[in-house]
Amino acid sequence: MRIGLVQITTGDNKMDNFHIAEQGIRKAAAEGASLVVCPEATSQAFDTGRLDKQAEDLDGEFSTAMKELADELGVVIVAGMFRPADTHGDINRVFNTALITGRGMHQGYNKINTFDAFKFKESDTVKPGSERVIIEVDGVQIGIAICFDIRFPQHFQDLAREGAEVIVVPTSWADGQGKLRQWRVLTAARALDSNVFIAAAGQARPGGDAEAGGESGPTGIGHSTLIDPFGEQVAELGYEFDVLVVDIDPELTMKARKSLPVL
């Protein structure tokens, strides 16, 4: 199976962001990827205004454009977006959703573990999801997670117990002291304690290499990565815009589960 990871920096307009993502998706598809993963917040980057203003259901213009692109290219696309959820007090909350579209699928996974940490409470504006999602691509079972989910081993182990061989993780990880080290540790740990491939696509670092390591909001650190079920890093990008296409052997998942039966 060939997986593409599209690392971009998105902005404040969802259709402009679609066209940014489209370039990377087309490149990954041209290189033979059947599953293409874009970052969390592909439709609208964090810290670019109220998310409810551009949130849309799965029949909205961003979602529809992604569906049409996936159908044209014959691939499955996973990309972060925001969907209307509920009204919480005087706030219109959204779901932080991983859109899954292509090959007859058009659905979403709503992030279960919202970023309620470091004196920030994402759940004030983002309603937590409640249902895990697994899809099938080329006969391989693919679990879906989003960014902060990666700090919760049980979420990944539950997906693995339900059959996931690969877990994709659209992400918009904050930069700053120790954050890259944490990202690398967490992606490897989730692969190890779930016996799965981790395919994580992150937002590129705004400002690229020149701003690398500086404190930032949740607007991206880059370093999209593919980790195998033994915790080995197969490939990793840097801070800048880029596309990574990697072949994986799903049989390695079964080998890991026989060698390290942690589930």
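Up top you'll find the structure we're talking about.
This is a predicted model, so every value here is computed, not measured.

Rules used throughout
Residues numbered from 1 in each chain as written. Predicted model: local features only at pLDDT ≥ 70, side-chain atom pairs only at ≥ 80, totals over all residues. Heavy atoms only, no water. Helix = DSSP H or I, 4+ residues; strand = E, 2+ residues; numbered from the N terminus. Contact = heavy atoms within 4.5 Å. Phe/Tyr/Trp six-rings, centres within 6.5 Å; stacked < 30°, edge-to-face > 60°. Buried < 20%, exposed > 50% of the residue type's maximum accessible area, 1.4 Å probe, protein only. Salt bridge = Lys/Arg side-chain N within 4 Å of Asp/Glu carboxyl O. Core = buried A, V, L, I, M, F, W, Y, C linked by side-chain atoms within 4.5 Å.

A word on the environment of proline 250. Counting through the fold element by element, proline 250 comes out in the loop between β14 (242-247) and α5 (251-259). Here the alpha-carbon distance between proline 250 and glycine 139, two residues 111 residues apart in the chain, equals 9.5 Å. Apart from the residues lying within four places of it in its own chain, the contact partners of proline 250 are Val140, Glu165 and Phe197.

Time to look at the packing of aromatic side chains. Summed over the entire model, instances satisfying the criterion amount to 5 aromatic pairs. When the ring of phenylalanine 115 is compared with that of phenylalanine 120, the centres are 6.0 Å apart and the planes differ by 40°; the resulting orientation is tilted. With a relative accessible area of 25%, phenylalanine 115 lands in the partly exposed category. The rings of Phe115, Phe120, Phe148 and Phe152 are connected pair by pair, giving a single aromatic cluster.

Attention now goes to the pattern of salt bridges. A side chain of one charge can pair with a side chain of the opposite charge if their charged atoms are brought near each other. Evaluation of the coordinates by the stated rule reveals 18 salt bridges. For arginine 103, the salt bridge identified is with aspartate 138, shortest N-O distance 2.6 Å. Remark: aspartate 138 occurs in the loop between β8 (134-137) and β9 (140-144) and arginine 103 occurs in the loop between β4 (91-102) and β5 (105-110); sequence separation between them is 35 residues. Taken together, the shared-partner salt bridges connect Arg132, Asp158, Arg161 and Glu162 into one network.

Moving on, we get to the nonpolar core. By size, the foremost hydrophobic cluster in this structure holds 49 residues, and its most contacted members are Leu35 and Ile142. If we skip the residues at most four places from it in the chain, leucine 35 touches Met1, Arg2, Ile3, Gly4, Val76, Val78, Val137, Ile142 and Val168. Met66, Ile77, Met81 and Val243 belong to the second largest nonpolar core, which has 23 residues in total.

The phi dihedral of arginine 103 falls on the positive side, at around 55°, and the residue is not glycine. Assessed through its relative accessible area of 42%, arginine 103 is described here as partly exposed. Even without glycine at this site, histidine 223 takes up a positive phi of about 60°. Within the secondary structure, histidine 223 sits in the loop between β11 (197-202) and β12 (225-227). When its relative accessible area of 5% is taken as the criterion, histidine 223 is described as buried.

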